[in-house]
Amino acid sequence: MHAEWDDAHTDYGALPSRSSPAGLADTDADWYQRLEQAPNGRLLRDNAMLCSLAAGAPIHLLHLTRDLAAVRASGHLLASTGCLVGAVYGSPLTPTPTGGLRPHNLGSYLLESRSNSTPLVIEVNPVGPAPLKGLDYLRLGGVHLRAYQECRHVLTAAEETQVLRSVVARVRVAASFLDTLLRNASGKAAPDGPFIDALAATVPVLPYLGYLYFETVAEYLMLHSTSRATREYADRGEMNNRLYKNLAFSAVDGMGTLFDLGLFHPDYTRLHGLVGRIEPGLAAPAADYVRRRLSHLFAATTLPPRQDIRDFTFHEADPGTLAETAPHLLGQLIFREVRLLERYPLLYHCFEQVKALEAWAYWNKEGISTPFNGVSPKGEIGINPACANARFTVWTAESCNQGLLHPVEQIAAVPAPRLVPWLVAPLRDTTEEKRWINRLSIQRGQHAVGHTVGSHESFPFAGGFQGFQPPGLRRPGPTTGQDW
């Protein structure tokens, strides 16, 4: 278990040392050196958030709550899922000589955009310096796969079949482009324009690619921007989060209501226009960067080290083959497919709690009281709610006309190792799923969850999980009263 969580964390206090699939044209270390040479590349290691963690001194975080009354009544701040799996989400605050706390630019953005929430200041007193290990949710595929393996007995046979059939159908429809990604990662470059257009066309079929796409463009903007605002934030030791926020809300209508990166799929012309509006000088090189970087990230985060990308294909995929040759991709796809089930609101805690428990155990083992988003250390940082040694103090806060936060009232609340209840808002835009089902109906004559994917391709695992036994995982036995 700990090995998978180690792989899902990037250590910004050490040089990259992950094992990668064979055949990559560039290693993670090669790419990291390239990223550090970007105009803002020094912020990958030398930024205010990481310096505060390394110092081991008390730190202050901004947390926004929509229900202060519930926090007061329960005395608990609950963890949420998402990029930090099971942490109490926040952003850094920096004490100023005047006594106020200056929000990180991410926090300032959140304060401006979430006027219906109450700001809280949380002071964290750690026991000492923290390891600079940030959680990379793009590398959680193995964790997602094991969680599904452990919890799938809460699904009906029809639900399990629906999940697996849809995953396999998606991979087979997207196989040609996925193979193109691997060829790019091995050094066989495709033209930028057709590549971006093919990527945009494939994201609705395989929404996970939208997450990779968005994170790649966000990284490009934050590391290469030379705008005045970016330089001012860099002088404070902060990456400019407003760049990718503007990108997301410009690229997808309704992103403010449902922040779903699976809907991020601009084509070549649209990508050029989006980046150009944010910072004109970055538009021309954007497509080349995305092609090279995304292809590497896809290969490095979806295939295991033993796999050679030069002799691999996604054509004729099935669950058993994917579990052996691309388990991290399979885990990411199953994770998202399960969340589309009609019963998922009832099953939410079954699948999410097991991952949160593992995350808390790993963070406690590593001495991490304040985990952060390690896709890039841009200021998304939370609290390990199961941390036994750190001390926490919580206040309500008010903003002054200088944009500083001032603690007002200390409240009797502490982070608690429990996940927030299921939110009513959907996790995916159902219209996209209807388009997916209709596409399969037209192309293949049947729905994705029917008895076949193609006219002659039958599934040996219909109604069950036959043939799918990820290496090192055992099939769970019957549920007992102590399982949950």
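For clarity, every value in this text was computed on a predicted model and none was experimentally measured. (Residues numbered from 1 in each chain as written. Predicted model: local features only at pLDDT ≥ 70, side-chain atom pairs only at ≥ 80, totals over all residues. Heavy atoms only, no water.)

1. Here we look at the nonpolar core
Right, on to step 1. Counting residues in each nonpolar core, the largest one holds 141 residues, and the members touching the most others are L209, F314 and F351.
Right, on to step 2. When residues of this core are assigned to their parent elements, the largest contribution, 12 residues, is made by helix 9 (residues 208–224).
Right, on to step 3. Setting aside anything within four residues of it in sequence, one finds F351 in contact with A147, Y148, C151, R152, V154, L155, V338 and Y344. (Core = buried A, V, L, I, M, F, W, Y, C linked by side-chain atoms within 4.5 Å. Buried < 20%, exposed > 50% of the residue type's maximum accessible area, 1.4 Å probe, protein only. Helix = DSSP H or I, 4+ residues; strand = E, 2+ residues; numbered from the N terminus. Contact = heavy atoms within 4.5 Å.)

2. Quick word on the pattern of salt bridges
When the charged atoms of two side chains lie near each other, side chains of opposite charge can form a pair.
Right, on to step 1. All chains considered together, the criterion is met by 28 salt bridges.
Right, on to step 2. For R310, the salt bridge is made with D308, and the minimal N-O distance between the two is 2.8 Å.
Right, on to step 3. The exposure class of D308 is buried, given its relative accessible area of 18%.
Right, on to step 4. Notably, a salt bridge pairs K355 with E352, separated by 3.6 Å at the nearest N-O pair. Placement of both K355 and E352 in helix 16 (residues 344–366) is noted, with a separation of 3 residues, approximately one turn of the helix.
Right, on to step 5. By relative accessible area, which is 5% here, K355 ends up buried.
Right, on to step 6. Here the salt bridges do not stand alone but share partners, grouping E4, R146, E150 and E358 into one network. (Salt bridge = Lys/Arg side-chain N within 4 Å of Asp/Glu carboxyl O.)

3. Notes on the side chain of N384
Right, on to step 1. Turning to its location among the elements, N384 is positioned in the loop between strand 8 (381–383) and strand 9 (391–399).
Right, on to step 2. A polar side-chain atom of N384 sits 2.9 Å from the main-chain amide nitrogen of A386.
Right, on to step 3. When neighbours within four sequence positions are excluded, N384 is seen to be in contact with W360, W363, N364, I368, S369, P371 and F392. (Polar contact = N/O pair within 3.5 Å; in protein donor to acceptor, adjacent residues only side chain to side chain.)

4. Regarding unusual backbone geometry
Right, on to step 1. Residues other than glycine seldom take positive phi values, yet V85 does so here, at roughly 65°.
Right, on to step 2. Structurally, V85 can be placed in the loop between strand 3 (76–79) and strand 4 (88–95).
Right, on to step 3. For V85, a relative accessible area of 6% corresponds to the buried category.
Right, on to step 4. Even without being a glycine, E316 presents a positive backbone phi close to 60°.
Right, on to step 5. Note on placement: E316 falls in the loop between helix 13 (283–302) and helix 14 (319–325).

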